[in-house]
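# Structural description and commentary
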Amino acid sequence: MARIQTTRRGVLAGGAGLLLGLTLPFGRGMAQQAATGPFAPNAFVRIGTDDVVTVMIKHIEMGQGPYTGLATLVAEELDADWSQMRAEGAPADGQAYANLAMGVQLTGGSTAIANSFMQMRKAGAAARAMLVAAAAEEWGVPAAEITVKAGVVAHEGTGRSSGFGALSQAASRLPVPEDPPVKAAEDFVLIGTDRPKLDTVAKSNGSAQFTMDVYRDNMLTVLVAHPPKFGATVAGFDDGDALAVPGVEMVRQIPSGVAVYATNTFAAMKGRNALKVDWDMTGAETRSTAQMFDSYSAAAAEGGQTVEETGDLSALDGAAQVLEAEYRFPFLAHAPMEPLDAVIELGGERAEMWFGSQFPGLDQPTVAEILGLPQDDVKINVLLAGGSFGRRAQGTAHLAAEAAEVAKAAGRDGAFKLVWTREDDVKGGHYRPMTVHRLRAGLDADGNIVGWENVVANQSILRGTAMEMMLQGGPDATSYEGSTNLPYQFGASRIGWAEMENPVSVLWWRSVGHTHTAYAVETFLDELLAAAGKDPVQGRLDLLPGDAARERGVIEKVAEMSGWSGSVRGDKGYGVAYTKSFNTYVAEVVEIEDRGGSPHVTRVWCAVDCGIAVNPNVIRAQMEGGIGYALGTALHDRISFSPGGEVEQSNFDDYPMLRISEMPQVEVEIIQSDADPTGVGEPGVPPLAPAMANAWRALTGNRQYELPFGGGSVA
Amino acid sequence: MMARAWLAGALLLWAAPIHAQEGLSGPDAFSDIADEQTRSAALFEEMGKVLTHPRCLNCHPVTGGPTQGDDMQPHSPPVFRGEADFGAVGMNCSTCHSAENVEFVTEAGSIPGHEIWMLAPVSMGWQGLSLGEICAQIKDPARNGGKTLEEIHEHHAEDGLVGWGWHPGEGREPAPGSQEMFGQLTRAWIDTGAACPG
Amino acid sequence: MTTFRVNGQDHDLDIDPDTPLLWVLRDELRLTGTKFGCGIAQCGACTVMMNGMPRRACVTPISMVEGSEITTIEGMDGPEISAVQAAWEAIDVPQCGWCQSGQVMSATALLQQIPNPTDEEINHAMAGNVCRCATYVRIRQAIHDAAATLEG
């Protein structure tokens, strides 16, 4: 396995935990600029003579808004006008573009804004200081008397003023300030206000360029026949019929299957259909979903290893009432709208790639190793990605590796576009782990919770990947996060984790462990409150310690927004759930109707506290989208295995996406805060399904211990 | 090899007695029922094997949109009838369905198609109805589009969209028998008084 | 040989007649605004106009396009698409953006026939266009906004 190149001061740290010191790659641009080149004081900012400010965005744009968010941070400190700002994806460069929360170039954990907040502001501030210094020199006035506002550098005394472009050449010859001052929060002009996103226009007129839109000269399109079961391998193949398809140029075996190369996509598809592969099923997983659940259930019943413990759980023995429940969560595919794809071009002892690389820090060394090239001779252009939700951040770099293997197996220079079909995607593994939660809790005679036990059984996401070192031999918190560190005071509690072995590959899926822990915790808690005769909102507030101001803030806000007055009003049910994920606090209330026995969510209210709201518009969009993403999944989605071990779903007909006719009205409020900003790409997801289940139970009495709900109504 | 097997199958079919064709009996099979009205109702019951087959029922919904597949699941994507029984404005049947069946490229199966592809009008909805109710509806000009029995026969025996039911494309079970036999059954049913099952 | 018009330009292509229009547009004509999402008419990312009506290009063999007039998002013109795109931009509808060409095409087709659609009419017309980012709240709003512009 390839090694990840970490930054000098970086270490690989989990989730959004460790924020490292700033490692600004200053000095890279200055000395290198030719007289006519753009002003590039650092790896992030480029200012052209045409006044255009381009920000190199180190986080992949896959819909969560970092192009706009990171450009906002630069523009704020640069005092640029928003209309002159542009964004561009930064290429693979582990030194310049590492995620400071992780020490490696990777987008994930809803960290884009959080880890870049000071880094991008410093980058903008440095550029501003240099423009000001250049103006001071040119105009012969003190720098302190110069102002910058909305892209205009001015000196009041002399009446002189200039755009950035006219000063950029002079500025590029000046030294880069080591530690430029940044604004106080009360001086923010752009941060905290709405402005148009930088990628909206191109995404509304079809001109945005994604990986699949890349066409190189003489490029071949490649589809790979993957094993029909996890753990199966290629025993042999007959490519006669495939090669007979006009346009099919060659067929090659690669480690992940058999690759069909053709001059166009349709020929590659037909060629793969015509290919006959003999699969060796010796090591194949043959269990059905039911069989897997049985073993997970048995493991959970044994208690697992203790990963968190508070007080003495024997308190449960004296409880007046003990509730128990087992929850079952299926494997889930991410199903981004753009299926996985990558373009790779070999030539002159170099490789260049164009794709939605979410983990360039691993993709680049992996490709270099496969091709036997120095890492610097593998250039990765990070393109817009048509969604990811975790799918493109692979701890095994399997997509980049497959593209490299395709290029290598071709045995010649040239360009190759690897394309996965929707069926490849849905059947292709790297799923949200299937999970069993076993919960047990007790109430005393007054309805107080006196003990809480939750045992989680599922696979480790990090085991067997380049990220395994993060575990340091311990349990994988990404598999059960959200079951631990709860704000609620339960008296005694114990959280267990049973690590399951399963050859089905797994991956983080939008909000990772919280995808299932939030559901189990918040629905079981709701049942306990109901058993104690307590209101779901007040009952939660009563369980919070005095210093839980931000938890209290979002729960109280969402109750106020939704006009909370109990769980049932007329023919509608209401449910609430709260989750803190990726350091962001979110509470949601769901309004539900019973339409012919199927749940139909009509409205959702969402209160979010993510610290300083850099782009309120993007934050609201992420909450709306996260809610829809979670709702579609809760209603419809499961990846299941037939007896014999084949995936039973293949495309959007049997793995359905939420449709507009199912989308509720959504209202979002952002809590005012001066805390450092935290992530928003994922935290909107976790509370939705439990709030929905709580509303459904209140309305119908039906408890939903297994997802998805199924059914659903379209009108 | 394949061609020969096909030929043998075709010969068998050709030689087979008409009352035993792929799950549907011909009119002759009912000739020993003496009472004409009873025979007529029995003929309609045989026609019912076609009428209530998923190939026909899927596009004869009573409420809402069409169903699909041999298990008659709700249509995916969700489809709404629209004023012209041709889907919603902006998403007509023809947004996806063509003049012929089109095989999927990346997986088994096909999207069905025919020159005219639309829902039967609400008045001709059959899903959930008994065979007797369907029969009464078919005979009722107020609900069958003003058709005479002769026109019903022509519709069953000649209509292209009806005929699609026997050529539904990959991934769908054809309606039993053939359109020709369905036409013959309809003829015999009309000639025996077009009685409905009780 | 298949003869058809795309965005006002005539094309004669000698190509496998089973090739879906989607791949002809993308691989042959390099009109990449039309996207591949499912290949089985489930998601609407490949929506184009065929003789003025919305059509899923992934289930349209090129042989069926003979003599037809195809318009892709690159070639759209007129008050409805302008209003739709302006509305999309005004409230930042797209997230990842992959499905949005198809969404814009379907929304335009709807507004060409119903100038001021209700929520229900929007839901019905747009039910075939999947957005995995679930930008549906804004799609609905933007269609209403575009309708208001067109009426105004």
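Worth saying up front: this structure is predicted, and the values here are computed from it rather than measured. All residue numbers here refer to positions counted from 1 along the written sequence of the relevant chain. Labels are handed out in written order, letters beginning with A for the chains and numbers beginning with 1 for the ligands. For this predicted model, a pLDDT threshold of at least 70 governs which residues receive local features, and a threshold of 80 or more governs which side-chain atom pairs are given and counted, while totals over whole chains, interfaces and linings are taken from all residues. The side-chain quantities take in all heavy atoms of the structure and omit both hydrogens and water.

As for its position among the elements, Ser-40 of chain B is in helix α2 (residues 36-51). In this structure Ser-40 of chain B touches Trp-189, Thr-192, Gly-193, Ala-194 and Ala-195 of chain B, once residues within four positions along its chain are discounted. Secondary structure counts use DSSP, requiring at least four H or I residues in a row for a helix and at least two E residues in a row for a strand, with both numbered from the N terminus. The contact criterion used throughout is that any non-hydrogen atoms of two residues lie within 4.5 Å.

Residues and elements named next belong to chain C. Residue ranges for the domains trace back to a domain assignment, done automatically or taken from a database. Per the domain assignment, the segments making up chain C are domain 1 (2-75) and domain 2 (79-151). Computed from C-alpha atoms alone, the centre-to-centre distance between domain 1 and domain 2 is 21 Å. Of the residues lining the interface, 18 residues belong to domain 1; the matching set on domain 2 comes to 13 residues. Defined here as a combined quantity, buried area equals the accessible surface (1.4 Å probe) lost by two parts on assembly, summed across both. Buried area between domain 1 and domain 2, summed over both chains or domains, comes out near 1200 Å², and the portion from carbon and sulfur atoms is 60%.

On to the interface of chain A and chain B. By a frequent convention, interface size equals the accessible area lost on bringing the separate parts together. Listed per partner, the contact involves 13 residues of chain A and seven residues of chain B. Both faces combined, the contact of chain A with chain B buries some 800 Å², and carbon together with sulfur accounts for 58% of it. For salt bridges, the criterion is a side-chain nitrogen of Lys or Arg within 4 Å of an Asp or Glu carboxyl oxygen. Our count for the chain A to chain B interface comes out at zero salt bridges. At three residues, the largest contribution of residues to the side of chain A that touches chain B is made by helix α6 (residues 265-274) of chain A. Looking at side-chain class alone, the side of chain A that touches chain B contains five nonpolar, five polar and three charged residues. Note on residue categories: nonpolar means Ala, Val, Leu, Ile, Met, Phe, Trp, Tyr, Cys or Pro, charged means Asp, Glu, Lys or Arg, and polar means any other residue, Gly included.

UniProt marks residues 205-283 of chain A with the feature "domain: Aldehyde oxidase/xanthine dehydrogenase a/b hammerhead" (unreviewed entry), using the numbering shown here. Note that residues 205-283 of chain A is 19% helix and 38% strand, and that its end C-alpha atoms are spaced 48 Å apart. UniProt positions are given in the numbering used here, feature names are shortened, and annotations may be inferred rather than shown by experiment.

Another aspect to go through is the sheet that holds strand β5 (residues 152-155) of chain A. All names here are of chain A. Two strands are said to pair when DSSP picks up at least two bridges between them. Reading across from one edge, β4-β5-β6 is the order of the three strands in this open sheet, with antiparallel pairing throughout. Each edge of the open sheet is held by one strand with a lone partner, namely β4 (146-149) and β6 (160-163). Pairs of neighbouring strands in the sheet enclose a mean axial angle of 20 degrees, with direction left out of account. Inspection of the sheet shows β5 paired to β6 by four bridges, in the antiparallel sense. What counts as an axis is a line fitted to C-alpha atoms, over the stretch in contact for a helix, and the angles between N-to-C directions run from 0 to 180 degrees.

Another point: the interface of chain A and chain C. Chain A puts 61 residues into the contact, and the matching count from chain C is 48 residues. Between chain A and chain C lies a buried interface of about 4500 Å² when both sides are counted; carbon and sulfur atoms form 57% of it. Counting the surface chain A buries against chain C, the share from its top three residues, Tyr-215, Met-337 and Ile-660 of chain A, is 19%. At the boundary of chain A with chain C, the tally comes to four salt bridges. When the shortest N-O distance is used, the salt bridge between Arg-138 of chain C and Glu-624 of chain A registers 2.8 Å. Any N or O atom pair separated by 3.5 Å or less is treated as a polar contact, with the protein-specific requirement of one donor-capable and one acceptor-capable atom, and with residues adjacent in sequence counted only for side-chain atom pairs. Linking chain A to chain C there are 29 residue pairs in polar contact (both at pLDDT 80 or more). Listed by contribution, the elements that provide at least two residues to the side of chain A that touches chain C are α4 (200-204), α6, α10 (422-427) and α14 (616-636) of chain A. Looking at the side of chain A that touches chain C, the element that brings in the most residues is α14 of chain A, giving nine residues.

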